[in-house]
Amino acid sequence: MLGLCHYYGQGVENSESKAAELFLKAALQGHPQAEYQIAACFYSGRGVEKNLEKAVEWFEKAAKQSHPVAQYSLGQCYYYGRGVPKSEDKALEYYTMAANQGHAQAKYWIGIILKSKE
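The structure contained in this document is the topic of the report that follows. Everything numeric in this text was worked out from a predicted model, so none of it was measured.

Quick look at helix α6 (residues 88-99)
Logical step 1: The end-to-end C-alpha separation of α6 is 16 Å, in line with the 16 Å expected for 12 residues at 1.5 Å each.
Logical step 2: All of the buried residues along α6 are A91, L92, Y94, Y95, A98 and A99.
Logical step 3: Tucked inside the fold, the buried residues of α6 contact α4 (52-64), α5 (68-80) and α7 (104-116).

Here is the structure:
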């Protein structure tokens, strides 16, 4: 993906804003990895103005297409209340989706939440 080349400066000049522009262009066409990447940009404020609500919107789009890192990221958003109201139940839902695809950190957070409910 050309956006990643610009993001990391691989073969082209490093430009987070150009990377975000390319991620958004691909995301608007429904590419799940691009949806995740633009969400991460909005989450961190790299290449775009930080906007947690927009980050959540794009994480959700990628998560609906079974992107495990987006699902995990949504779990984090809900667990900590970043861009959405805090909800351990919603966090658990998204962590479970990611864990079912083998995401190790999601499995860890499932354990944290379940242990806290004992």
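Examining the packing of α5 against α7
Logical step 1: Remark: α5 packs on α7, axes separated minimally by 10 Å, with the N-to-C direction vectors making an angle of 30 degrees. Viewed along their axes, α5 and α7 adopt a mutual orientation that is roughly parallel. Pair α5 / α7 crosses with left-handed handedness. Contacts between α5 and α7 involve Y72, Q76, Y79 and Y80 on the former and, on the latter, Q105, A106, W109, I112 and I113.
Logical step 2: Classifying every residue of the contact of α5 with α7 by side-chain character gives seven nonpolar, two polar and no charged.

Here's the deal with the environment of Y94
Logical step 1: On the secondary structure map, Y94 appears in helix α6.
Logical step 2: With 26 residues separating them along the chain, Y94 and P68 place their C-alpha atoms 9.0 Å apart.
Logical step 3: When near neighbours in sequence (up to four residues on either side) are disregarded, Y94 contacts A63, Q71, Y72, L74, G75 and Y78.

A word on the side chain of Q71
Logical step 1: Residue placement: Q71 occurs in helix α5.
Logical step 2: Side-chain polar atoms of Q71 contact the backbone nitrogen of A98, separated by 3.4 Å.
Logical step 3: Beyond its immediate sequence surroundings of up to four residues, Q71 is in contact with A63, S66, Y94, M97, A98 and Q101.

What about the nonpolar core?
Among soluble globular proteins, nonpolar side chains are generally buried collectively.
Logical step 1: I38, F59, L74 and Y95 are the most contacted members of the largest nonpolar core, which has 34 residues in total.
Logical step 2: At the level of secondary structure, the elements contributing two or more residues to this core comprise α2 (16-27), α3 (32-44), α4, α5, α6 and α7.
Logical step 3: Aside from chain neighbours lying at most four places away, what touches L74 is V56, F59, E60, A63 and Y94.

Observations regarding the packing of α6 against α7
Helix packing for two helices is described by the angle between their axes and how far apart those axes are.
Logical step 1: α7 packs onto α6 with a crossing angle of 145 degrees between their chain directions and a minimal axis gap of 8 Å. The way α6 lies across α7 gives a crossing that is left-handed. Between α6 and α7, the contacting residues are E88, A91, L92, Y95, T96, A98 and A99 on the first element and A106, K107, W109, I110, I113, L114 and S116 on the second.

Reading the values: the criteria
- Residues numbered from 1 in each chain as written.
- Predicted model: local features only at pLDDT ≥ 70, side-chain atom pairs only at ≥ 80, totals over all residues.
- Heavy atoms only, no water.
- Helix = DSSP H or I, 4+ residues; strand = E, 2+ residues; numbered from the N terminus.
- Expected span 1.5 Å × (residues − 1).
- Buried < 20%, exposed > 50% of the residue type's maximum accessible area, 1.4 Å probe, protein only.
- Contact = heavy atoms within 4.5 Å.
- Axes fitted to C-alpha atoms, helices over the stretch in contact; angles between N-to-C directions.
- Parallel < 35°, antiparallel > 145°, perpendicular 65-115°, else oblique.
- Left-handed = near helix turned anticlockwise from the far one by under 90°.
- Nonpolar A, V, L, I, M, F, W, Y, C, P; charged D, E, K, R; others polar.
- Polar contact = N/O pair within 3.5 Å; in protein donor to acceptor, adjacent residues only side chain to side chain.
- Core = buried A, V, L, I, M, F, W, Y, C linked by side-chain atoms within 4.5 Å.

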